[in-house]
Amino acid sequence: MSELTYLEAISDGLRTEMRRDETVFCMGQDIGTFGGAFKVTDGFVEEFGAERMLDAPLAENAIIGTAVGAAVEGLRPVCEMQFADFISCGFDQLVNVAAKLHYRQGLAVPMVVRLPSGGGFSGGPFHSQNPEAWFLQSPGLKVVAPATADDAKGLLTAAIRDPNPVCFLEHKGLYRYVKGEVPQGEYEVEIGKARIAREGEEMTVIAYGSAVHLALDAAAELDESIEIVDLRSLCPLDTEAVLASVRKTGKVLVAHEATQSCGVGAEVVALIAAEAFEDLDAPVRRLTAPDVPIPFSPPLEQAVLPQLEQMKEACRELLEY
Amino acid sequence: MSSSSTNVPPASSASPAGAAGSAQGTASLVFVEMPKMGISVSEGTILEWRKGVGDAIEADETLADVTTDKVDVEIPCPASGVVARLLVEPGESVDVGTVIAEIAPPGTAATAAEPDISDSPPAEEPDRSTFVSPVVARMADKHDIDVKAVTGTGVGGRVRKKDVLAFLESKKTNGNGGALGPALHSDSPYEPDVAGVADEPDVAEVAPPVTGAEREPMSPMRSAIARHMVESRHTAAHCTTIVEVDMARVAARRAELKPAMARRDVSLTYLSFVAKATVAALAEYPVLNSSVEGEELVHHDDINLGIAVALDDGLIVPVIAQAQRLSVEGLAAAIADLAGRARSKQLTPDEVQGGTFTITNPGQFGAVLATPIINQPQVGILDLEAIVKRPVVITAEDGSDSIAIRPMTYLCMSWDHRALDGADAARFLGAVKRALEAGGEL
């Protein structure tokens, strides 16, 4: 074990898989000599060479399309979007080609799209989005969103080894903020399994990504028996873990940084309403960003993104109910 | 249902409506309270609201039907106006003095009675004590819990899952069903032997399934009788002593007085004579006119004679207060009055309380022997059975025996062996018998 930041854990996982499997290679803008916009692949070009660290032009559709072809031919490409927001430019290749080849032609498409997402640093509307819900509407894609360094490495390993296209949402705010013990060497975390981030009896916060840390901080400050479920995998969703916690506490807050309508939270709430109605002791609540783009202005951005005080207030309301 | 019913003036109080500072707080609400319906009646159950929210109502018009475990009562509205709010659900029991409804002045819209939230201080948390969440409903169903018996600690007094869990936990540690506690009527003259009840075998578990049965819930009167009778059996050491009485002299005396009583529109019954003889014997043997309270015998100064009256769906025992002051004619008039009003539901709650000894008279239906259950906290109950002609041996003054046909009856008295012994009971019954057989003295 060694203590790594979330960002270092992603680099470690990627490097380990590239060493283990020669078919794994990376594509993206400035990922080679520059080492990536956030330095995830710093030093990679020296170790693996430019052939496996392809600097791509500003053409996301080309990056994803090339990756689909390579994957179908037996390679395991890992694409980096400089910002998750720009996946929109590669959307057609991702949702219409990569996601459907298995269903159309029985072809495996073992590729990963790394999506640096999230706000909190005045990145404005094009560099701060949390677009995970887009992919949930496209059957054929797997979607993961780690919250810890450990899961960042383990889930990236699993994503690379998975025969399906996997969207890997790495929250930029967690890159250097989150640190943790991470197993050395090969390390895989199964896709589709949630994690109990904190045990509790009185209520459950279901979250993923940055919202997990917001919930952990709120629970620590409130000093109440709050259970926190870190989904980790958004598709497939660990319905058993969600329902088990709801049955235990009867009170649920679903939290994420992404906007509210038709988000991951909506899907989780619908699941609870259908499968755990008789276990509910309170209305199921959501804490999310409102349905607006992320503003540049720091005070406005703070007003849009869920904050610790709001998380505490939402928990208090449910605890008192 | 046909049990005793009457009009009782409701307690009411008027106070200004709306929150302090409300700009339009001019209307005045009249609060209708659960009325005091007798000395020992501490709660009442709303059977039915006669009016809905928004309905106009006149003063003294009946607003609700209320039942206690003794009688049914109609609650007249204390003021004319509009029903603003009904605060108690039908079937719900509340303490005497609890506000059960609010009447707004005539012509007011029902909603006007609501406080004006817009310009008043933050509204109080709405009462959510009756709201049941899905998980609470399921748990209550599974564990057969009355949610009303659970103390809610959630917002607005809501019963939460943790409250149900705590309730179940306390039930487990207390051993017996905690749900029994709050359901008890506080005006019960004796505390039920809860441990004894819990020890009873669970009949439901051993009874074989019955086919073709129809179930109906007990009326409040039926369940009160059931409770009182079982509790009496658990409380008193019942014994029954029986004497045979020759009613020939009573029959003669009755025939003599009857025309005069008929002119007063009172039917002179054998029961009146038995009542008179009983009152006299109670004065002679006061132990029968007592109650057992713990380790003490309470001797009552007055003889308040209860007379059991059968109703279509039950039984009620109106009381003749200070029966020692009444002649046989007075007793006859009192019995006729109480029995008539019992059947027409016109008794007041105080008229069914405070008895010190009870006479029951099912003999009118032809039965000859019975072992009645004592009406707690009394120590004796006398049962007058049918008077039938029988051949009996008569001993003349010269000592010669002969057989005669006489109107005979059995007086069966159940008594509490905690308070007295068989010799006391026999002596008392002997006194009653002598008085009746003397006849003319009554």
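As a starting point, this report considers the structure included with it. For every chain, the first residue of its written sequence is number 1, and the numbers climb from 1 along that sequence. All chains are assigned letters beginning with A, and all ligands numbers beginning with 1, in the order in which they are written. Given that this is a predicted model, residues contribute local features only at a pLDDT of at least 70 and side-chain atom pairs are listed and counted only at 80 or more, while totals for whole chains, interfaces and linings are drawn from all residues.

### Regarding the sheet that holds strand β6 (residues 142-144) of chain A
By way of backbone hydrogen bonds, the strands of a sheet pair with one another, either parallel or antiparallel.
All names here are of chain A.
Argument step 1. The sheet built from 7 strands is open, its strands ordered β3-β2-β4-β5-β7-β6-β12 with mixed pairing. In this open sheet, the two strands that pair with only one neighbour each are β3 (53-55) and β12 (233-235). Sheet twist, expressed as the average angle between the axes of neighbouring strands with direction ignored, equals 20°.
Argument step 2. Between any two strands, pairing holds if DSSP finds at least two bridges. Numbering of helices and strands runs from the N terminus; a helix is a DSSP stretch of H or I covering at least four residues, while a strand is a stretch of E covering at least two. In this sheet, β12 lies alongside β6 in antiparallel orientation, the contact comprising 2 bridges. Each bridged residue has a counterpart across the sheet, and for Val 144 the counterpart in β12 is Ser 233.
Argument step 3. The contact criterion used here is simple: two residues whose C-beta atoms, placed from the backbone, lie within 7 Å are in contact. Axis definition: a line fitted to C-alpha atoms, limited for helices to the stretch in contact. Angles are taken between N-to-C directions and run from 0 to 180 degrees. Strand contacts of helix α7 (residues 149-161): β2 (24-28), β4 (76-80), β5 (112-117), β6 and β7 (166-171), with the helix running at about 160° to β7, the strand carrying the most contacts.

### Some remarks on unusual backbone geometry
Argument step 1. In this chain, Cys 235 of chain A is followed by Pro 236 of chain A through a cis amide linkage whose omega measures 0°.
Argument step 2. Summarising the element assignment, Pro 236 of chain A is placed in the loop between β12 and α9 (239-249).
Argument step 3. Each neighbour pair has its own omega, and for Gln 376 of chain B with Pro 377 of chain B the value is 5°, a cis peptide bond.
Argument step 4. Looking at the secondary structure, you find Pro 377 of chain B in the loop between β18 (357-360) and β19 (380-384).
Argument step 5. With phi around 60°, Asp 30 of chain A is a residue other than glycine that occupies positive phi space.
Argument step 6. Residue position: Asp 30 of chain A is located in the loop between β2 and α2 (44-48).
Argument step 7. Any residue with 12 or fewer other C-beta atoms within 10 Å of its own C-beta is exposed, any with 20 or more is buried, and the rest are partly exposed; the C-beta atoms used are placed from the backbone. Look at Asp 30 of chain A and you get partly exposed, because 14 C-beta atoms sit within 10 Å.
Argument step 8. Backbone geometry places Cys 262 of chain A, a non-glycine residue, at a positive phi of 55°.
Argument step 9. In this fold, Cys 262 of chain A is placed in the loop between β13 (252-259) and α10 (264-275).

### A few points about the sheet that holds β13 of chain A
All names here are of chain A.
Argument step 1. The strand order across the open sheet built from 5 strands is β9-β11-β10-β13-β14, with neighbouring strands paired in mixed fashion. At either margin of the open sheet sits one strand with a lone partner, and together these are β9 (195-198) and β14 (285-289). Strand-to-strand twist of the sheet, defined as the mean angle between neighbouring strand axes without regard to direction, takes the value 25°.
Argument step 2. Lying on the sheet, helix α8 (residues 210-222) is in contact with β9, β10 (203-207), β11 (226-230) and β13; it crosses β11 at an angle near 170°.

### Remarks on the nonpolar core
Argument step 1. For the purposes of this analysis, a nonpolar core is taken to be any set of buried Ala, Val, Leu, Ile, Met, Phe, Trp, Tyr and Cys residues that are connected through C-beta atoms within 7 Å. Of all hydrophobic cores here, the largest spans 113 residues; its most connected members are Cys 79, Val 113, Val 144, Phe 168, Ala 215, Leu 253 and Ala 255 of chain A.
Argument step 2. Among the elements that take part in this core, α7 of chain A stands out by supplying 7 residues, more than any other.
Argument step 3. With near-sequence residues (within four places) excluded, Phe 168 of chain A lies in contact with Val 112, Val 113, Arg 114, Leu 115, Val 144, Leu 156 and Ala 159 of chain A.
Argument step 4. Val 245, Val 317, Leu 382 and Ala 419 of chain B belong to the second-largest nonpolar core, a separate cluster that totals 79 residues.

### Remarks on the packing of helix α8 (residues 270-284) of chain B against helix α10 (residues 422-438) of chain B
Residues and elements named next belong to chain B.
Argument step 1. It is the contact of α8 with α10, at a shortest axis distance of 9 Å, that shows an interaxial angle of 135°. It follows from the interaxial angle that α8 and α10 lie oblique. The two elements α8 and α10 cross, and the hand of that crossing is right-handed. Here Phe 273, Val 274, Ala 277, Thr 278, Ala 280, Ala 281 and Glu 284 of α8 lie close against α10, whose contacting residues are Phe 428, Ala 431, Val 432, Ala 435 and Leu 436.
Argument step 2. All amino acids are sorted into three groups, where Ala, Val, Leu, Ile, Met, Phe, Trp, Tyr, Cys and Pro are nonpolar, Asp, Glu, Lys and Arg are charged, and the leftover types, Gly among them, are polar. A breakdown of the residues in the contact of α8 with α10 according to their chemical character gives 10 nonpolar, 1 polar and 1 charged. Roughly parallel refers to an angle under 35 degrees, roughly antiparallel to one over 145, roughly perpendicular to one between 65 and 115, and oblique to any angle outside these ranges. Handedness of a crossing follows from how the near helix is turned relative to the far one, being left-handed for an anticlockwise turn of less than a right angle and right-handed for a clockwise one.

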